[in-house]
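Below, each chain spelled out in residue letters.
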Amino acid sequence: MITRRRFLTGTAAAAGGVTLLNRLQAADQIAPPNTQPKPQPPAEPGRDYTPVITPNNISLPWKIVGGVKVYHLVAEEVKHEFAPGLEAFCWGFNGRVHGPTLDAVEGDRVRIYVTNKLSAATSIHWHGIILPNGMDGVGGLTQPVIKPGETFKYEFTLRQYGTHMYHSHHDEMTQMALGLMGLFVIHPRNPKVQPDRDFAFLLSEWRIDTGTMRPNPNEMTDFNIFSMNARIFPGTEPMVAKLGDRVRIRFVNLSPMEHHPMHVHGHSFRVVETDGGQIPESAQQIESTVLVQVGSARVIEFIADQPGDWPVHCHMTHHTMTQMGDKFPNTIGVKPGKLDEKVRSSLLPGYMTMGETGMADMGTMGMKVPHNSLPMIGGPGPFDYITMGGMFTVLKIREGITSYEDPGWYRHPEGTVAALASTGQLSRDGIDVDLSPVKQ
């Protein structure tokens, strides 16, 4: 006989069992604590996993020595281009800002040499990766600092999979603000599903004052460069996918201060991973925007079923501007009248009032800007000037392409582009438009 007491205690036991099962399933992703997992044979790209793609960057080459994957990172000053017309002396690895991506597989034994060619000591932290304490890379706490001219060796077995990062953990405010960071992607040893396209972006922000060529690491609130893989639009390389591809995009945020809500146009997606690992399918949220917090990662997946050129960008509107928008005076609604004419005739021959109707025209005026600076926003598009810059790129989905090279701008089927409405269309649908002149 089932009594109320037996029913309740049985239900509680069942719930406890489900909770325990969930915990065991979550823990199954990594080896038990206080154990050294046994390394597995190095996985082969293309056969065992789909290599990650880092737009505007590369994956760090490696070699196998005695069954161990060996990498070599060189920390050094790099003259880096954020977009044509804007360069800066940053700190990076192997001649790149940010450093090249470390692409590996769960169970790999990795040996990473780090050579310091900077003028200052440094150390490298493997953010989010489960490893022995002495390999964690915190200068002064878990290891001595790497002095200029020294090479340190890190070695550990990858006991988990996921989207991670590496960055300086010595004088972090200075060194990370100058760009000393990179991506560390660990693929599952036996993936249930492999994506057709696997993209990774490291999000960051910088303070580079107009006309200067050195990021300011002392900035805390007023950043003016917002980058994806240390590039800004129109210098960002597009993502290309075939119609029907399973697309994975990894967003990692190592900005000094700002979170970034990353938005994908034309598709909804599942948030499938955090920097802590895989999210159970029952808990995966369906979104079109995902908030990527400072020091964290979010991984999204979707089927590329809508052909076209789709924006992918941070939805903080000031993060899709470039350098010249910083501290621009607010002239919205100003009616200059004859002011321009008077100023040109008596003070500044080339003067014109700008911004009274917004910032959309700033990039197309062709006006001179200070050396090593960019106009406020944008770049040329297939129809008009694109009035977004900064943390912005394009996902290009095409049917029938035979390679993943940039296919150029999308050619829309006839009748599928928003266009000027004709008077006949307006009349047919009963739309009455007041055509009287706009008051100035």
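Basis of the calculations
Residues numbered from 1 in each chain as written. Predicted model: local features only at pLDDT ≥ 70, side-chain atom pairs only at ≥ 80, totals over all residues. Heavy atoms only, no water. Helix = DSSP H or I, 4+ residues; strand = E, 2+ residues; numbered from the N terminus. Buried < 20%, exposed > 50% of the residue type's maximum accessible area, 1.4 Å probe, protein only. Areas by Shrake-Rupley, 256 points an atom, 1.4 Å probe, with all protein chains shown as cover. Pairing = 2+ DSSP bridges. Axes fitted to C-alpha atoms, helices over the stretch in contact; angles between N-to-C directions. Phe/Tyr/Trp six-rings, centres within 6.5 Å; stacked < 30°, edge-to-face > 60°. Patch = residues over 30% accessible without salt bridge, like charges linked within 9 Å, V, L, I, M, F, W, Y side chains within 5 Å. Salt bridge = Lys/Arg side-chain N within 4 Å of Asp/Glu carboxyl O. pLDDT = per-residue confidence, 0-100. Contact = heavy atoms within 4.5 Å. Polar contact = N/O pair within 3.5 Å; in protein donor to acceptor, adjacent residues only side chain to side chain.

## Description of the overall build of the protein
Helices and strands together make up the secondary structure of the protein, namely 4 helices and 23 strands. Residue burial in the protein is summarised as follows: out of 440 residues, 45% are buried. A total accessible area of about 22,800 Å² is found for the protein, and carbon and sulfur atoms account for 55% of it.

## Thoughts on the sheet that holds strand 9 (residues 181–187)
Taken in spatial order, the 4 strands of this open sheet run 4-9-8-6, and their pairing is mixed. The sheet is open, and its two borders are formed by strand 4 (102–105) and strand 6 (124–127), each paired with just one other strand. The mean angle between the axes of side-by-side strands here comes to 20°, regardless of whether they run parallel or antiparallel. With 4 bridges joining them, strand 4 and strand 9 adopt parallel strand pairing. Note on strand 9: the bridge partner recorded for D103 is V185.

## Some words on the packing of aromatic side chains
Centre distance and the angle of the planes are the two values used to describe a pair of aromatic rings. Applying the stated criterion across every chain, the model contains 8 aromatic pairs. Measuring from ring centre to ring centre gives 6.1 Å for W126 and F184, while their planes differ by 90°; the resulting arrangement is edge-to-face. Taken together, the residues W126 in strand 6 and F184 in strand 9 connect sequence positions 58 residues apart. Here W126 falls in the buried class, since its relative accessible area comes to 0%. On the accessibility criterion, F184 (0% relative accessible area) is buried. Both rings, one in F233 and one in F392, keep their centres 4.6 Å apart while their planes meet at 85°; by these two values the pair is edge-to-face.

## Digging into a nonpolar patch on the surface
Judged by side-chain polarity, I431, V433 and L435 come together as a nonpolar surface patch covering roughly 320 Å² of accessible area. Relative to the assigned elements, I431 resides in the segment after helix 4 (423–428).

## Examining the confidence of the model for the protein
Residues of the protein with pLDDT of at least 70 account for 80%, and the chain-wide mean is 87. Throughout residues 1–28 the model reports pLDDT below 50, and contacts reaching past four residues in sequence, or to other chains, amount to 2 contacts.

## Quick word on unusual backbone geometry
In this model, V97 is joined to H98 through a cis peptide bond whose omega is -10°. Examined against the element boundaries, H98 turns out to sit in the loop between strand 3 (86–93) and strand 4. For N229, which is not glycine, the phi torsion reads 55° and is therefore positive. For N229, the position within the fold is in the loop between strand 11 (225–228) and strand 12 (239–242). With a phi close to 60°, A230 is a non-glycine residue in the positive phi region.

## Overview of the pairing of strand 15 (residues 269–274)
In summary, the side chains of a regular strand alternate between the two faces of the sheet. As defined by bridge partners, strand 15 adjoins strand 17 (residues 286–287) across 2 bridges and the pair is classed as antiparallel. Note that in strand 17 the partner of R270 across the bridge is I286. In this structure, strand 15 lies alongside strand 16 (residues 277–278), joined through 2 bridges in antiparallel fashion. Bridge assignment links E273 to a residue of strand 16, and that residue is Q278. Count of turn residues in the strand 15/strand 16 antiparallel hairpin: 2 residues.

## Details of the environment of G211
Within the secondary structure, G211 is located in the loop between strand 10 (197–206) and strand 11. Expressed as a C-alpha distance, the spacing of G211 and L374, which sit 163 residues apart in the sequence, is 9.5 Å. Among residues more than four places away in sequence, those in contact with G211 are H371, N372 and S373.

## Section: the sheet that holds strand 20 (residues 308–314)
Each strand in a sheet pairs with its neighbour through backbone hydrogen bonds, running either in the same direction (parallel) or in the opposite one (antiparallel). Ordered in space as 12-23-20-14-18, the 5 strands form an open sheet in which the pairing is mixed. The outermost strands of the open sheet, each flanked by one partner alone, are strand 12 and strand 18 (289–292). Mean inter-strand twist for the sheet, computed between neighbouring axes without regard to direction, equals 20°.

## As for the pattern of salt bridges
Taken as a whole and judged by the stated rule, the model has 20 salt bridges. For the salt bridge of D108 with K69, the shortest nitrogen-to-oxygen distance reads 2.8 Å. Of this pair, D108 sits in the loop between strand 4 and strand 5 (109–116) while K69 sits in strand 2 (residues 68–83), and the two are 39 residues apart along the sequence. One salt bridge in this structure joins K153 and E155, with 3.5 Å as the shortest N-O distance. According to the relative accessible area criterion, K153 is partly exposed, its value standing at 42%. Given the relative accessible area of 14%, E155 is considered buried.

## Notes on the side chain of N229
Since its relative accessible area comes to 2%, N229 is described here as buried. If we ignore the near neighbours within four places in the chain, the residues touching N229 are T54, P55, V97, H98, L183, A200, F201 and L202.

## Notes on the pairing of strand 9
A large share of strand 9 lies buried, amounting to 7 of its 7 residues. Of the two faces of strand 9, both are covered, the one formed by M181, L183, V185 and H187 as well as the one formed by G182, F184 and I186. As judged from the 6 bridges shared by strand 8 (residues 162–168) and strand 9, these two strands associate in the antiparallel manner. Bridging across to strand 9, Y166 finds its partner in G182.

## So, the environment of T122
Tracing the backbone through its elements, the reader meets T122 in the loop between strand 5 and strand 6. Through-space distance from the C-alpha of T122 to that of D171 is 7.6 Å; in sequence the pair is 49 residues apart. Every residue in contact with T122, bar those within four places of it in the chain, is listed here: N116, V145, I146, S168, H170, Q175 and L180. Side chain to side chain, T122 and Q175 meet in a polar contact 2.7 Å long.

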